[in-house]
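Residue-level structural notes
Residue-level listing of the chains:
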Amino acid sequence: MMSPTQWDLPPELCCRPMAFVALTGLDVTYNAIHRAIWDAFCANRRADRVPISFKVLPGDHEYPKCRTKRTSYEWYIPKGILKTGWMNKHLNLVPALLVLFYELDWDDAVWKEKQSECATKVEIVRTSLQGRNTKVAVVLIQKKTPLPPGEDLVASERAASLCNACDLSGKSLFVLPHTDHLVGYIIRLENAFYEHAQTYYYTEIRRVKSHKEFLNKTTHQLLFVRHQFKIAFFSELKQDTQNSLKYYRTAYSLVHELRTHETNMLEIKAMAGFINYKICRLCFQHNTPLDAIAQFRKHIDLCKKKIGSAELAFEHTAWMSKQFQSFGDLFDEAIKLGLTAIQTQNPGFYYQQAAYYAQERKQQATHLCAHEASVSSPSPDHLETSSGALDFYGQRAWRQGHQSIDPPHMEKEKGGILALQMKEKDVPHSELIIALLSNAVAQFKKYKCPRMKSHLMVQMGEEYNHAKDYTKALKLLDYVMCDYRTERWWSLLTSILSTALRCSYLMAHVKDYITYSMELVGRASTLREEQKSRIEKNLIKVLMNEVPEAEPDCDQASAKAAQALWSDRMSLAGSNVFTIEVQDYVPFVQCKAKFLSPSFHVDDPVQLHVYLRADCPHPVRFSKLCVSLSNQEYNQLCVVEEPCKSQDILEASSQENMCLVPGKTRIYSFKFVAKTEDVGKKIEITAVDLMLGSDNGRCVFLNWRGGGGDAASSQEALLAARSFKSRGRVPEQHVEWDNVSIQANTMIISRIPKISVQLSHEPPALNNEMYRITVSIQSNEETVTKDVKLTAGLKPGQDANLTQSTHVTLNGLEMCDESHPALLPDIAIGDLQPGEKVEKCLYVRCVTTGTRIFLFHVAYALSTKVEGKDITCKCHKDETVTIETIVPFEVAVKFVSTKFEHLDRVYVDIPFLLMTDILSASPWPLHLVTSQLQLAPTMAAMDQPQSQVEQVMLQTGECASECFSLQCPPVLNGTSSVASGQYLISWKRKSSCADAPVVTTVVTLPHVMVETIPLYVHAELPSFGRVRESMPVRYHIQNRTGLVQDVEMSVEPSDAFMFSGLKQVRLRILPGAEQEMLYNFYPLMAGYQSLPQLNISLLRFPAVSGQLLRRFLPSRIFVKPQGRQADDASIAAA
Amino acid sequence: MAVCIAVIAKENYPLYIRSVPIQNELKFHYTVHTSLDVVEEKISAVGKAMADQRELYLGLLYPTEDYKVYGYVTNSKVKFVIVVDSSNTSLRDNEIRSMFRKLHNSFTDVMCNPFYNPGDTIQSKAFDSMVSAMMVQVS
């Protein structure tokens, strides 16, 4: 903390005034009870307790003497506005209430003696407060808890007598029993004290007000202000802040009514400042911040022009600075207590303005206090007073109390002013300014003003520079520089850089010096040409390890010291190589590097251009340019180097290769052959380095990360792209700098293969077959292709299920299975001579249908020559093909009865037919080799089933059918569903070669319902009849149950037939036995005729109807007409 | 009349800045630059939905002891800043508005020039003379 200065507001002004109550008769050091009482008064003074400041004083304490009251103001001429001691006197010295503590119980044995001792003590206190309105109160400290009022007669009697003896009113006598509830009693006590204090301050206000009638406006102007201030201050002590504010406002306007002249200007301003502070403080306290701000603005407007003595102008600015600072403090304090500030109205502005005035003060001080060293402070010291302090606020030590317009002694006045100037010289101005600025920075940071913050930081940096603390200055400037750079405010950046350059010069920081110079001579700088030229020359000197010339605006002594530092640096060997990362600056050399193509084939040389351009006023020579690439092996191939002698730097000739002429674009091209290992990799420019200077002097590497560019170039490129100029035709050879774009990386890709890969196959593939794809590879290379390898199969990256269901093999003679992979890698083909052609057959088996993509990847190696270098290139060619897999045929299966009627169930031991249809879906002809029926045990074939489709060719859409006669053996329970077995079809494409494997497709036959019936009927009759020719019909009726069956049979008559046999019969059939019924039918009509219907009913199984049984019997027969004599040919034709 | 007039690009770099020659030019540059804090805050305070109805004139940005800084933002986020001397109390809000309108019109003319490249600093004589007419005349 800095010691308080003349300008700081007195602490008694800044505190919150509280009623002052003095306590005597307490021995807080040795008496534990007294200590406890005192602690209860002091401790935990929170906002809910009454605002009183307590003090323990000894009984014989001397209070400030009260001067005899003036009875008339007639001849009184005031010497000043406000005495310096007044506020403190009423805050801390003159109590509003004096409380005497005395240990006395009502039933004390020596009551009389004690009473008189107490009265004496009261008397002593009264005497020492002679003339004051201070109230006196007595507190009796008692050991016993008092009885309720009115009950203790002794107490009331003795209380009255004590009041009488001490000349106290009853209200001023208190009892404090020190029992358990001490704090409660204390709080009640202090509330009572507070009331007394209020009364005291009220009378004080009345007293001061009463003076007013004696005053006149000509001689007592100062007193008007003084009295108003006092009333306001007493009101504040009384905690009547509303009225207090009112009185302060009146006081403020009275201050400005005073006649001002040079001698009392300071006093008036001091008082105005005090009153203004009080008003603002109260306004903030009343939560009316706008009033506070308005008052402050008014205050500043009124006082701004009241400069006072021109020789002491710095006093005015110091005072102004303080005004702003204290307002800022008040504002900030109010914010901490809950006020909300906004971006455009926050304490930062006041601190900033305070800093501004502090800067003004400093300037005025340097201007006004620039005395010769020989001038010393005049003696005797004019600033000393006899008491060591001033009597009135804002007066001059050498003429206190003087109120007339002209100073009393001209000589003394001069001496005083000189003394003040000498004193001002020792003020640490920069320190003050920086403290204010950093306060402001903190505020602006809080209220989202980044630019304001940067601006203030620049000012701080400049102030540090003035204070010769260059390290801190550079730190601050460096910090904000990039903000201005990214926002592209070049004028501001230039100004900051110039300051920074000066700092680095004065510290002889070589690297910083070079960095700042580099930017100052570059295109972002707004300096004039001759300035740039000067800086560039200095830069060249530094590069040659010489001492640069001093920056302008450096004072002589510092410049001299800097020269010495630079010379030291020069003699210092080593550490003369600097690398400066220029990416984030705007250096005077611009760089753009580009690969000529985004990708290069490995057999083409990689080409890379580096474009350089200088923006400085004079040509620059450099000694080395190197490009760093992500694969460092190429770095040595991308270097231009030409060590220069030191004089070359000075006389750079524009003809030279290593010389950059301002405004001209120079291109350096590099070419190298990529390594074959880098095929498929990215090559990136990681950095470009430009070396300035020489190894024997100093050398500086300007380092661009990536392919060049700097803080400004991206925006420039954007503008150039928008520009109408870019659309115009630019002649060849001429390079427009803005049109060069950075290309910092390139891909090395494999050589273009000169090989043809052709596929021949017959799509679509059929499910499960060995699908043949013929790959023919032909070399079109001019030399031998070595180590040709084919990778073929399912292209990776498709549905994972496809990998499981696709199998690839080279062997077309065997069916492949799960053990075969989906992709066959690296099938060696061997070497291929130029023009040679190789064919390879590949078989693919697709277990599921769907679309698949197949990949055919041919890789080989080849020796070739690039730029005179032999390299072995790996080339590859990819071919893909999409193949659909479909089912070759559909198989339909159905069960029919021997009468070709559709069956939804079959009957035990009764033959039926199984029919299969094979419908070709393949676009290519199919060759069905054979088919086979594999019956389940629950089925039996009627005869040896033989394939009926053997060696059948199926064209697209054709159908091959087979029919098998089957029957079911008995089943356990009446009805059940049984498996039928499998149907195997062996086939291949018609186009496939003879030894191609046969594909077997298995079709699972459907389950069928089998039912047991109790009775089976079948008829035996000829295949046709002839009109009027008898034909025998034999019905066989089998009992399939284990019971004897009663069967009732009848034959219904028919129009078409006459018949003979049993027309209606009832018979019994033994278990398992068969009954034969013979009829002779005699057809009467030709054509298809219904046979006479046979009705059978089982008496035991009424469920088995004749209808069901009739299904087994033929219902019609073809009857031939009666021809001429038997004609074999006609029979055959039927 | 103004003591400093500036046109600031959308990206917040100066397109044109001109101040009364007798005074410290750099100080005005800083004043204009710091005023962008308030401009940005005011633009962002207006909700996105309201952006179309936003008034271009931003009013008094912030008062300093010596100057008043006024702002104006075009729909393309180009900012105009006018700095006026605090002691110049004769200037009303309406006059400031009309100055901005004039500035905006003249700026539109500059933009309409096919040879002007948007984003470049303004080097138009017509614009210059219009600005000169609005500046405090220094005898």
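Just so we're clear, the structure is a prediction, and the values are computed from it rather than from any experiment.

1. A few points about the overall build of chain A
Across its full length, chain A carries 25 helices and 46 strands. Its C-alpha atoms give chain A a radius of gyration of 61 Å, clearly above 32 Å, the size a compact globule of 1134 residues would have. Counting all 1134 residues of chain A, 49% fall into the buried class. Considering only intrachain contacts with a sequence separation of at least 6, the fraction spanning at least 24 residues in chain A is 74%.

2. Digging into the overall build of chain B
Across its full length, chain B holds three helices and five strands. Reading chain B from its N terminus to its C terminus gives the helix and strand order β-β-α-β-β-β-α-α. Computed over its C-alpha atoms, the radius of gyration of chain B comes to 14 Å, within 12% of the 14 Å expected for a compact globule of 139 residues. If you line up chain B on its principal axes, its C-alpha atoms span 45 × 35 × 25 Å. Expressed as a percentage of contacts within chain B between residues at least 6 apart in sequence, the contacts between residues at least 24 apart total 56%.

3. Some words on the environment of A:D426
Here A:D426 shows up in the loop between α13 (410-425) and α14 (429-446). Residues A:D426 and A:L168, 258 residues apart in the sequence, show an inter-C-alpha distance of 58 Å.

4. Observations regarding helix α18 (residues 510-520) of chain A
Residue and element names in this part refer to chain A. The buried count for α18 comes to nine of eleven residues, which makes it a mostly enclosed element. All buried positions along α18 are accounted for by V510, Y513, I514, T515, Y516, S517, M518, E519 and L520. Considering only its buried residues, α18 is in contact with α16 (470-487), α17 (490-507), α19 (529-543), α20 (556-571), β6 (577-581) and β15 (699-705).

5. Quick notes on the UniProt feature "domain: Trafficking protein particle complex subunit 11 C-terminal" (unreviewed entry) in chain A
With numbering matched to this structure, UniProt assigns "domain: Trafficking protein particle complex subunit 11 C-terminal" (unreviewed entry) to residues 1039-1096 of chain A. Along residues 1039-1096 of chain A one finds 0% helix and 60% strand; the C-alpha atoms at either end are 13 Å apart.

6. Considering the sheet that holds strand β43 (residues 1074-1083) of chain A
Residue and element names in this part refer to chain A. Taken in spatial order, the four strands line up as β37-β39-β43-β41 in an open sheet, and their pairing is antiparallel. Two strands lie at the open edges of the sheet, namely β37 (1015-1020) and β41 (1057-1060), each paired on one side alone. For this sheet, the mean angle separating the axes of adjacent strands, direction not counted, is 25°. In this sheet, β43 lies alongside strand β39 (residues 1031-1039) in antiparallel orientation, the contact comprising eight bridges.

7. What about the packing of α17(A) against α20(A)?
Residue and element names in this part refer to chain A. Interaxial distance between α17 and α20 falls to 7 Å at its minimum, and their mutual angle equals 65°. Judged by residue contacts, S504, Y505, L506 and M507 of α17 engage S558, A559, A562, Q563, L565, W566 and R569 from α20. Across the contact of α17 with α20, the residue classes break down as seven nonpolar, three polar and one charged.

8. Notes on the side chain of A:R751
Residue and element names in this part refer to chain A. In this fold, R751 is placed in the loop between β16 (745-749) and β17 (755-761). You can call R751 buried: its relative accessible area is 7%. For R751, the side chain forms a polar contact with the side chain of D603, separated by 3.4 Å. Of the polar contacts made by the side chain of R751, one reaches the side chain of E781; its length is 2.9 Å. Setting aside residues no more than four positions away along its own chain, R751 makes contact with H601, V602, D603, E781, Y860, L862, C873, K874 and C875.

9. Focus on a negative patch on the surface
A cluster of acidic side chains, namely A:D787, A:D826, A:D831 and A:E836, defines a negative patch on the protein surface. Structurally, the position occupied by A:E836 is in the loop between β22 (823-832) and β23 (837-846).

10. Quick word on the interface of chain B and chain A
Taken together, the contact pairs 27 residues of chain B with 29 residues of chain A. Looking at the side of chain B facing chain A, the largest losses of area belong to B:Y30, B:H33 and B:E65, adding up to 29% of the total buried there. Across the contact surface, chain B and chain A share three salt bridges. Between A:R451 and B:D37 there is a salt bridge, with the nearest N and O atoms lying 3.2 Å from each other. Linking chain B with chain A are nine residue pairs in polar contact (both at pLDDT 80 or more), by the criterion used here. For the side of chain B that touches chain A, the secondary structure elements donating two or more residues are β2 (14-19), α1 (25-45) and β3 (57-63) of chain B. With eleven residues, α1(B) is the single largest residue contributor to the side of chain B that touches chain A. Residues that form the side of chain B that touches chain A fall into these classes: 14 nonpolar, six polar and seven charged.

11. Focus: the pairing of β43(A)
Bridge analysis of β41(A) against β43(A) gives four bridges, and the strand direction is antiparallel. Bridge assignment links A:M1058 to a residue of β43(A), and that residue is A:Y1082.

12. Some thoughts on the sheet that holds strand β1 (residues 19-24) of chain A
Residues and elements named next belong to chain A. Within the open sheet, the five strands sit side by side as β2-β1-β3-β4-β5. Their pairing is parallel. Edge strands, defined here as strands with exactly one partner in the open sheet, are β2 (52-56) and β5 (173-177). Averaged over all adjacent pairs, the angle separating strand axes in this sheet is 25°, with direction ignored. Pairing analysis gives five bridges linking β1 to β2, with the strands arranged parallel. Paired with F20 across the two strands is S53, which belongs to β2. Taken strand by strand, helix α4 (residues 111-128) contacts β3 (97-103) and β4 (135-142), and its axis lies near 155° from that of β3.

13. Looking at the packing of aromatic side chains
Residues and elements named next belong to chain A. Inspection of every chain in the model, using the stated rule, returns 47 aromatic pairs over all chains. Consider the rings of F296 and F327, whose centres lie 4.3 Å apart with planes at 15°: the pair is stacked. Here F296, found in helix α10 (residues 289-303), pairs with F327, found in helix α11 (residues 313-336); they are 31 residues apart in sequence, far enough to count as distant. Taken individually, F296 and F327 each receive the classification buried, so the pair is uniform in this respect. Taking 6.3 Å as the distance between ring centres and 70° as the angle between the ring planes, the aromatic pair formed by F1059 and Y1079 counts as edge-to-face. Residue F1059 is found in strand β41, and its partner Y1079 is found in strand β43; the two are separated by 20 residues along the sequence. Given a relative accessible area of 22%, F1059 falls into the partly exposed group. Linked through ring pairs, F284, F296, F324, F327, F331, Y350, Y356 and Y357 together constitute an aromatic cluster.

14. Some remarks on the pattern of salt bridges
All names here are of chain A. Tallied over the full model, the rule gives 44 salt bridges over all chains. The partner of K336 in a salt bridge is D332, with the nearest N and O atoms 3.4 Å apart. With a gap of four residues between them, K336 and D332 both fall in helix α11, about one helical turn apart. One salt bridge in this structure joins R905 and E1011, with 2.2 Å as the shortest N-O distance. Of this pair, R905 sits in strand β27 (residues 905-907) while E1011 sits in strand β36 (residues 1008-1011), placing them 106 residues apart in sequence. Accessibility expressed as a relative area gives 15% for E1011, which makes it buried.

15. Thoughts on helix α22 (residues 713-722) of chain A
Residue and element names in this part refer to chain A. Of the positions making up α22, those classed as buried are S713, Q715, L719 and A720. For α22, the arc enclosing every buried residue in end-on projection is 155°, short of the 170-degree limit, so these residues lie on one face. Along α22, exposed side chains directed more than 90 degrees from the buried face belong to S714 and A721.

16. Quick notes on the confidence of the model for chain A
Across chain A, the average pLDDT comes to 86, with 95% of residues at 70 or higher. The weakest mean pLDDT in chain A belongs to helix α25 (residues 1128-1133) of chain A at 52; the strongest belongs to α11(A) at 94.

17. Concerning a nonpolar patch on the surface
Residue and element names in this part refer to chain A. Nonpolar side chains collect at one region of the surface, where M1058, L1084 and M1085 lie side by side and expose about 250 Å² of accessible area between them. Tracing the backbone through its elements, the reader meets M1058 in strand β41. Classification of M1058 by relative accessible area gives partly exposed; the value is 45%.

So, how was this worked out
- Residues numbered from 1 in each chain as written.
- Chains lettered and ligands numbered in written order.
- Predicted model: local features only at pLDDT ≥ 70, side-chain atom pairs only at ≥ 80, totals over all residues.
- Heavy atoms only, no water.
- Helix = DSSP H or I, 4+ residues; strand = E, 2+ residues; numbered from the N terminus.
- Rg over C-alpha atoms; globule rule 2.2 N^0.38 Å.
- Buried < 20%, exposed > 50% of the residue type's maximum accessible area, 1.4 Å probe, protein only.
- Contact = heavy atoms within 4.5 Å.
- UniProt positions renumbered as here; feature names shortened; annotations may be inferred.
- Pairing = 2+ DSSP bridges.
- Axes fitted to C-alpha atoms, helices over the stretch in contact; angles between N-to-C directions.
- Nonpolar A, V, L, I, M, F, W, Y, C, P; charged D, E, K, R; others polar.
- Polar contact = N/O pair within 3.5 Å; in protein donor to acceptor, adjacent residues only side chain to side chain.
- Patch = residues over 30% accessible without salt bridge, like charges linked within 9 Å, V, L, I, M, F, W, Y side chains within 5 Å.
- Areas by Shrake-Rupley, 256 points an atom, 1.4 Å probe, with all protein chains shown as cover.
- Salt bridge = Lys/Arg side-chain N within 4 Å of Asp/Glu carboxyl O.
- Lys, Arg positive; Asp, Glu negative; His and termini not counted.
- Charge placed at Lys NZ, Arg CZ, Asp CG, Glu CD.
- Buried area = accessible area lost by both parts, 1.4 Å probe.
- Phe/Tyr/Trp six-rings, centres within 6.5 Å; stacked < 30°, edge-to-face > 60°.
- Arc of directions from axis to C-beta.
- pLDDT = per-residue confidence, 0-100.

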